[in-house]
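# Coordinate analysis (summary)
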Amino acid sequence: MSDQPSEASRPPEKPRGADTPRPPEPPAAVGTPAANEPGPSEARTAGATPADTARPSPAQASERRQRAQAAQQAGQPGSPWQHGAGAPVAKDDGMTARLRPPPPPLIRPAVLGSVLATALLSALFLSDGLGVNLLIVAVPASLAAFFAAQAAGRRLRPWTATWAVGGLALLAVPALRDAGWPTFLAVVSAFALGSLALHGSRSWPGVLIGSLGLFDSVVPGIIWGVRGIRARAGGSRANWGATLRTTAVALVLLVVFGTLFASADAAFAELLGSLMPEASVGAGPWRTLLFALGLAGALAAAHAAAAPVRWDGLTVRPGKPRGRAEWALPLIVLNLLFAAFITLQLVVLFGGYDKVRDATGLSHAEYARQGFWQLLWATLLTLLVIALALRWAPRGGTGDRTLVRSVLGPLCVLTLVVVASALRRMDLYVDEYGLTRLRISVAAMELWLGVVLILILAAGVFGARFLPRAVAVSAAAGVLAFGLISPDGLIAEQNVQRFEDGRSTSIDIDYVKDLSADAVPALDRLPEPERSCALRFIQNDVLHDDTPWYATSWGEARAKEILEKRPVKGDGSDCYRVGREGTGDGYEPDDDGYDPY
């Protein structure tokens, strides 16, 4: 008997390729027909009429195509970068594919409305300066990002809320302070925190590049917005027409009745004029540019919120581990050098200065001034040494980790003592010669470096997972505190206090007259003619400036109130001899008059 089955008992042959498993069907996206539903041709075969299968609008068709393309890629493994459950993952074709997210969904009407509001408010309020208008413009831009993230399925996380709240808090600095330099730092920091809130980075490359990542979304955001407007306008012309008609009628009613009420009541006319920004033909190009910048910025923020670039995908390869002796010996020698230097500093700062003066001939303040910059650079270089040491540290096991902590921990502690010594030197120098913008800036920088060292010590104990974000938070908090303490006001207060206590025979009028309006409350306490000489230039800027309310800071408004009650006296002829007795209270500058400190 043959082992082969007969024709009658042989089972029917399977179709070719039947043994090959079929790939899983992609899940049906929202707005697309399910797999078990008949298609249009099947519906017509079953007797359906053309009226039963309504033709989708262009907006629906565009959204279906995008979702279908994303659904084709959904069979790949999941990723921790997915925006929500079931979010598709882009095909991994290299570095760009790992960084670029899936395309965002079609732009929603709420996002478009918030973007348009941001552009209009930018054109109306940002042309006259910076103040509370930055917060006014930031509100609709934040709403556009929120609506876009919500449509993409992203959830609000604690770090995202921290970055967002910190960025909005930094925008309060221009509303409170008139000085330009803390305002500039606050605006740049607010931009960086806003970009981090949109991208959600956590590694060192992610935090560093993600703080500037919003620039990468400008062009994609504009393209995304244009495509969304075309898709929605093509299928809902009637709705757009109704919206335009409603807006036009509302504007006509506001203009007509607002004009009537303004002509009927002078107080209402003054209130209306102070609230509304002035519009002129000459400012048209500038306002048009601001409109375009606000539009592009809001679209970039919304696009980054819906499809953030994964900057954490950029990785830095760890360095080659070194042997224990090769790695630890140079750092131990450096620790011994730090310890010797700090021992001498403690002797000098706590009563042993007489020997130093006999050996060098320097006064206490001159000795303090001489070493501050060197100690600042020593702190910066120490942070660089710590970073490089961690890169090449031995990583063999528990013993290696203990060695790293026992060597770098004392180095961080000794560097903190160096930071304290530098700040003490600055305190002695300021007490002798007064406070300036450069001195308060470098002192704040040195203090922040000390905070970074404390964070590194904490990371060595509790882990370095949150270290990049903690350093970014400390920098933003430092900029916010620096703006809130009013540096110009603090400089004026310290110099006026030295003058009142008799520690200074005169006040440097040439320096304090160039401070901002934040210094007016302190300079107002000076006697005449010092007061008028110090406030003359500030009064000309404050009282003769017609800046609207939304571009006026609280510091400028307070200075205007003080100077209106007590204006400066005289014609300024006495100011040529005031504040010029001596040269810096004992400090002789170089022959060319330049003092970089």
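First, a word on scope: everything that follows refers to the structure included in this document. (Residues numbered from 1 in each chain as written. Predicted model: local features only at pLDDT ≥ 70, side-chain atom pairs only at ≥ 80, totals over all residues. Heavy atoms only, no water.)

### Some details on the overall build of the chain
A tally of regular secondary structure across the chain gives 24 helices and 0 strands. Taken across its 597 residues, the chain has 38% of its residues classed as buried. Of the accessible surface of the chain, which amounts to about 34200 Å², a share of 64% is contributed by carbon and sulfur atoms. (Helix = DSSP H or I, 4+ residues; strand = E, 2+ residues; numbered from the N terminus. Buried < 20%, exposed > 50% of the residue type's maximum accessible area, 1.4 Å probe, protein only. Areas by Shrake-Rupley, 256 points an atom, 1.4 Å probe, with all protein chains shown as cover.)

### What to know about a nonpolar patch on the surface
Together, V249, V252, L253, V256, F257, L260 and F261 make up a nonpolar patch on the protein surface, roughly 660 Å² of accessible area in all. Position of V249 among the secondary structure elements: in helix 11 (residues 237–264). (Patch = residues over 30% accessible without salt bridge, like charges linked within 9 Å, V, L, I, M, F, W, Y side chains within 5 Å. Salt bridge = Lys/Arg side-chain N within 4 Å of Asp/Glu carboxyl O.)

### A short note on helix 20 (residues 487–501)
Compared with the 21 Å implied by 1.5 Å per residue over 15 residues, the 21 Å span of helix 20 between its first and last C-alpha is a close match. Every buried residue of helix 20 is accounted for by P487, D488, G489, I491, A492, Q494, N495, V496, R498 and F499. Residue G502 follows helix 20 closely and has a positive phi angle near 85 degrees. (Expected span 1.5 Å × (residues − 1).)

### Points about unusual backbone geometry
Note on backbone geometry: most residues besides glycine have negative phi, and most peptide bonds are trans. Cis geometry marks the peptide bond from E528 to P529; its omega dihedral reads 0 degrees. With respect to the secondary-structure elements, P529 resides in the loop between helix 22 (520–523) and helix 23 (530–543). The backbone phi angle of S486 is positive, close to 60 degrees, even though this residue is not glycine. Along the chain, S486 falls in the loop between helix 19 (467–484) and helix 20.

### Description of the packing of helix 4 (residues 109–125) against helix 5 (residues 133–151)
Between helix 4 and helix 5, the shortest axis-to-axis distance is 8 Å and the interhelical angle comes to 165 degrees. By the criterion of interaxial angle, the relationship of helix 4 to helix 5 is roughly antiparallel. Crossing geometry of helix 4 relative to helix 5 is assigned as left-handed. Two secondary-structure elements touch here, helix 4 through A110, V111, S114, V115, A117, T118, L121, S122 and F125 and helix 5 through N133, I136, V137, P140, A141, L143, A144, F147 and A148. Along the lines of polarity and charge, the residues of the contact of helix 4 with helix 5 split into 14 nonpolar, 4 polar and no charged. (Axes fitted to C-alpha atoms, helices over the stretch in contact; angles between N-to-C directions. Parallel < 35°, antiparallel > 145°, perpendicular 65-115°, else oblique. Left-handed = near helix turned anticlockwise from the far one by under 90°. Contact = heavy atoms within 4.5 Å. Nonpolar A, V, L, I, M, F, W, Y, C, P; charged D, E, K, R; others polar.)

### What to know about the layout of surface pockets
Empty space among the atoms becomes apparent when a probe as large as a water molecule is rolled across them. Roughly 1200 Å³ of volume is contained in the second largest pocket. W204, A387, L390, A464 and L467 are the residues nearest the centre of the second largest pocket, which is lined by 36 residues in total. Secondary structure elements with two or more residues in the lining of the second largest pocket: helix 9 (204–210), helix 16 (364–391), helix 17 (398–433), helix 18 (437–462) and helix 19. With 7 residues, the top contributor of residues to the lining of the second largest pocket is helix 16. Classifying every residue of the lining of the second largest pocket gives 25 nonpolar, 5 polar and 6 charged. (1 Å grid on protein atoms, 1.4 Å probe; cavity = no way out; pocket = protein on both sides within 12 Å on 5 of 7 lines; lining within 4 Å. Points joined across faces, edges and corners; volume = space filled by probe spheres on them.)

### A word on the environment of A179
Tracing the backbone shows A179 in the loop between helix 7 (172–176) and helix 8 (180–199). Residues A179 and S516, spaced 337 residues apart in sequence, show a C-alpha to C-alpha distance of 5.3 Å.

### A look at the pattern of salt bridges
Applying the stated criterion across every chain yields a total of 11 salt bridges. A salt bridge links D488 to R437; its shortest N-O distance comes to 2.7 Å. Taken together, the residues D488 in helix 20 and R437 in helix 18 connect sequence positions 51 residues apart. Taking the relative accessible area as the measure of exposure, D488 reaches 0% and is therefore buried. In this structure, the salt-bridge partner of E500 is R525, at a minimum N-O distance of 3.4 Å. In this pair, E500 sits in helix 20 while R525 sits in the loop between helix 22 and helix 23, placing the two residues 25 residues apart along the sequence. Here R525 falls in the partly exposed class, since its relative accessible area comes to 36%.

### Some thoughts on the side chain of Q494
Within the secondary structure layout, Q494 lies in helix 20. The exposure class assigned to Q494 is buried, which follows from its relative accessible area of 18%.

### What about the nonpolar core?
By size, the foremost hydrophobic cluster in this structure holds 60 residues, and its most contacted members are W327 and L523. The greatest single-element share of this core, amounting to 12 residues, is contributed by helix 17. Formed by 20 residues, the second largest nonpolar core is a distinct cluster that contains A144, A145, A148 and W224. (Core = buried A, V, L, I, M, F, W, Y, C linked by side-chain atoms within 4.5 Å.)

### Here we look at the packing of aromatic side chains
In total, this model carries 8 aromatic pairs according to the counting rule given. Connected via pairs of aromatic rings, a cluster forms that spans F125, W549 and Y550. Above the plane of the ring of F537 lies K513, whose end atom (NZ or CZ) is 4.6 Å from the centre. (Phe/Tyr/Trp six-rings, centres within 6.5 Å; stacked < 30°, edge-to-face > 60°. Lys NZ or Arg CZ within 6 Å of the ring centre and 35° of its normal.)

Function-wise, these values are silent; they only describe arrangement.
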